[in-house]
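# Structural description and commentary
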Amino acid sequence: MVKAAIPIRRLLVLAALLCVVGSLAGFGAFTRFDAGLTARRMAWAPRVATGDVVFVTIDKYSLDEIGVWPWDRTVYGRLIDTLAGAQARDILLDIDFSSRSSPSSDAAFAQALEAAGGGVLLPSFTQYNSTNGSSDATGVTSPNEIFADHAWTASVSVRADSDGIIRKFPYGEMQGSEFVMSAPATLAGVADTRSAPFVIDFSIDPATVPRFSVIDVVSGRIDPSAFADKIVVVGATAIELKDSFFVPVHGLESGPMVQIIATETLLQNRSLTPLNVVPLLLAVGFVGFAALSPRRSLRLQSLLIGTTLIGLEGAAFWLQSTRGLLLPTVSAHVLLGLVVTVRVLEELDLRTWLLRLASVEADNSRNLLGQVISDSADAILVVDEDGLLVEHSARLADMLPDIAAAQDGQSVQSLLPEQWRADIARSIEDLRNDRGRPAALNELELHDGGDRRRIIEYTITTSRLALAAGKSRQGEDHIFVACITARDITERRRQEERIGFLSRHDVLTGALRSSAFVTEIDDRMTVTPPPGTGHAVYAVNLHRFKTINATLGREKGDALLKAVVRRLVRLDGRLSAIGRLGGDTFAAFTTIPVSEAEARSIAEAIVSTVSAPFDVTDAKAQLGVHIGMVFRTETADGQGAALVAEAELALDEARQTNGSGLVQFDPESGARHAAARLIESELWHALDRREMRVLYQPQVLLRDRRLVGAEALLRWQHPELGFISPQVFIEIAEANGFIEQLGRWALEQACRDALTWREDLTVAVNVSPLQFQRGDIIGAVRDVLDLTGLPPKRLHIEITESTFLNPSPELFDRLSALKALGVSVALDDFGTGYSSFGYLARFPLDKIKVDQMFVRTLIENTASQAIVNSVRALCQGLGIAMICEGVETEEELKFLRLIGCEQGQGYLFGKPQTTADLIRMAEREDGTMGAEAARA
């Protein structure tokens, strides 16, 4: 009977353990841990992608190249055309196209979708209130109908597990009343309407997926064979676009890459299938039954358990890596761990062991607490409710040396700061009456008797300690103690105040920073001034400061700036704190309402004060002053930044005057500046939006009017601003650095168009002086000729005379390098102000183009005739061709023929026209010459 009782007890214990672990597994207690083990196994057996899926990424490189987000949809249209032309099998654009854009870009994108013949998938997705759950959907986002008619729709909805990690992907989902296949299932060709999502195999390494940047694909820098018969997924990887998810193994991964790995999972038939945990628990239960036997030694039992654990994990790894089966082993590990715990407890006298453990822990805690208090970086003081010293740290001596010198058990009540005594009493009273409150962080000021002030940061926590024997003086079996933790934050507070000052003030002069100055305006100008008065905002620039700074040196220049601020601060009590807007530009405003005459009087006082000579160490300096002023008769109402901007616009005009001067803001002038800024901002996008075009004005031989070439002329037609003159946008492009990109585009477009003309026709392209001097004009011309295949002899580069303002060996080298490429170099607008016969002989020029200002007055003005005759004689002597532009009458043509001018350009021969019109002009000319030859 005794022997039979032991197995029954073991079976009951094992049954109880199985019920506990099985219940926990049923409630999903081990799901996250099993998911972690699954991810580890994926990492141990990485797999390579098939290569059938190609990732075209919207990365930071592409964003920087295109320069604006969201992109114009013509970019996606060009991308689809490129991929479709490369014979891509399927194209998924993992981008939201639910809304409309501009009509032209939407039409271009829809046309590209239609041309792709149904080979493009557009995403739809369900929006949720949370990352998990199944009943919190708020709506479905689908492609706009103008795009959906020409493409397939696939669901890209993903749901994270409760820990925020993506592990599964559905085969599809109900969107409204329609079942929509998921993008991975559609791309992999798996038509499965099962509701259970499949587990993604993240052992597939994303690094093995071929990927290319969108900008490289659109620009034609990628071999089209890379996309032939491939599935192409287009999506964002740039961190700025925030399309990223946490996944196993790889951590943070972009949304499109999740779609790709899910697709690869289906393509490789690697959708992972979880196994039922019940058979595994029953099998492990038999091992546990054997391990519970007291007849076996602990060593043998430990070996049995360890072997079982290793075997479980080995089997799980083999099943997952070779068969795609997921074995949930965590519950089995927990069961075996409980079995081991039960067996160990049987071997030990639990009560004795627990008492011994408690005693050791108590001793350790006392020793550790004493060491922590002694070595703490903070000052720690423990006193009881009667003010008796219980414990203190060594740091307390730096803060309160009298208390630190006292012995444990000695009363220190009278030595405590009054604020501490009150706080201790209040905290103990709250604890005694069970009014628990969190420990507050307080501050205390300590004075050392002199001017030295220290700031102490402290907290007070109270505790109730039981008495082993006897009663306290209050007749209670416990006492209350207070623990004060304090630190000296005097230096930290001083640094915070210094940092706060520097965040608002300029380090050198002490003036307010620009942002703080704007805030000051918003805070002070909040009330509408009385009628006839207002507030003035001044922007003050120190004229000639840069010259003085360079002459006297940086140190004296800094001293001069400080002196200027000191004078302005003392100038007028109605002026605000001085702000510094830039290196030598300051600002101020009137803090009280003044009349406009008073505002101008204050401005004149500023000019007078700052213009007076300064004594800077051992030198004297005198500055000029330019002031821009805006007078506001209304409340600022948060318009501080706008007022400063208007004052700076007025200052820009004041700077254009000689000497000191004041300019008051003019709204019309501000509007012109605003228009220029608008044109500048739109100019950056004009090429991407295809708003620029190139027209061509014919160039002919004067002797028979035969067409020999054309000059390329850049035109900009903005959809809202209308036609914008080249004189306007070229000047802006030269100022903001866009001229190099604009000039490169015009050069390439002109060469491409010239390839469609008659083979003997040349094309002349103007190059900006800035583009010629600062950019790589040689590399640009070489690259364009290689790219387009235009023969170099058909390209004429026209440069203006201003290019020769500062002739240098580098300029000669550039011209020689252009000549070495085989192109011709023409001097444009000759005679407009910088002409020098010296550089005509020095530099390798092929043609001189006489400016139209001389041709227009050629008939009635003998001086113009003499100049043109002189230029013709000069060209003959140097062996340079001569062309006159602006020819509009037959009389001008006859005169130019008479003096021997070879070529001409002007409205008499043709206006600027499209390349198609120029081709028709050449065809008519060829037809006329053929008819004359036939009659002859």
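Below you will find a few notes about this structure. Just so it is clear, the model here is predicted, and its values are computed rather than measured. (Residues numbered from 1 in each chain as written. Predicted model: local features only at pLDDT ≥ 70, side-chain atom pairs only at ≥ 80, totals over all residues. Heavy atoms only, no water.)

## Focus: the packing of aromatic side chains
Tallied over the full model, the rule gives 15 aromatic pairs. Look at Phe97 and Phe147: their rings are 6.2 Å apart centre to centre, the planes differ by 75°, and that puts the pair in the edge-to-face class. Taken together, the positions of Phe97 in the loop between β2 (90–93) and α5 (103–115) and Phe147 in helix α6 (residues 145–148) put the pair 50 residues apart, joining distant regions of the chain. Across the pair, exposure class does not vary: Phe97 and Phe147 are buried alike. Just above the ring of Phe614 sits the side chain of Arg567; from NZ or CZ to the centre is 3.5 Å. (Phe/Tyr/Trp six-rings, centres within 6.5 Å; stacked < 30°, edge-to-face > 60°. Helix = DSSP H or I, 4+ residues; strand = E, 2+ residues; numbered from the N terminus. Buried < 20%, exposed > 50% of the residue type's maximum accessible area, 1.4 Å probe, protein only. Lys NZ or Arg CZ within 6 Å of the ring centre and 35° of its normal.)

## Things to note about a negative patch on the surface
On the surface, a cluster of negative charge is contributed by Glu740, Asp776, Asp783 and Asp786. Its place among the elements puts Asp783 in helix α27 (residues 777–788). (Patch = residues over 30% accessible without salt bridge, like charges linked within 9 Å, V, L, I, M, F, W, Y side chains within 5 Å. Areas by Shrake-Rupley, 256 points an atom, 1.4 Å probe, with all protein chains shown as cover. Salt bridge = Lys/Arg side-chain N within 4 Å of Asp/Glu carboxyl O. Lys, Arg positive; Asp, Glu negative; His and termini not counted. Charge placed at Lys NZ, Arg CZ, Asp CG, Glu CD.)

## Let's talk about the pattern of salt bridges
One pass over the full model with this rule turns up 37 salt bridges. As a salt-bridge pair, Arg221 and Asp216 come within 3.0 Å of each other at their nearest N and O atoms. By relative accessible area, Arg221 is classed as partly exposed at 46%. For Glu598, the salt bridge identified is with Arg574, shortest N-O distance 3.9 Å. Residue Glu598 is found in helix α21 (residues 596–611), and its partner Arg574 is found in the loop between α20 (554–571) and β22 (579–580); the two are separated by 24 residues along the sequence. Looking at Arg574, the relative accessible area reads 25%, which means it is partly exposed. Each member of the salt-bridge network shares a partner with another, and the members are Arg32, Asp161, Asp163 and Arg167.

## Some points on helix α22 (residues 640–655)
Its 16 residues give α22 an end-to-end C-alpha distance of 22 Å, which sits within 8% of 22 Å, the value for a rise of 1.5 Å per residue. Residues of α22 that are buried include every one of Gly640, Leu643, Val644, Ala647, Leu649, Ala650, Leu651 and Ala654, and no others. (Expected span 1.5 Å × (residues − 1).)

## Details of the nonpolar core
When a protein is soluble and globular, its nonpolar side chains tend to lie buried together. In this structure, Met692, Tyr696, Val763, Val781, Leu795, Ile797 and Leu896 are the most contacted members of the largest nonpolar core, which totals 71 residues. It is helix α25 (residues 739–754) that contributes the most residues to this core, seven residues altogether. One finds Ile58, Trp71, Ile95 and Val217 within the second-largest nonpolar core, a separate group that totals 36 residues. (Core = buried A, V, L, I, M, F, W, Y, C linked by side-chain atoms within 4.5 Å.)

None of this, on its own, says anything about what the molecule does.
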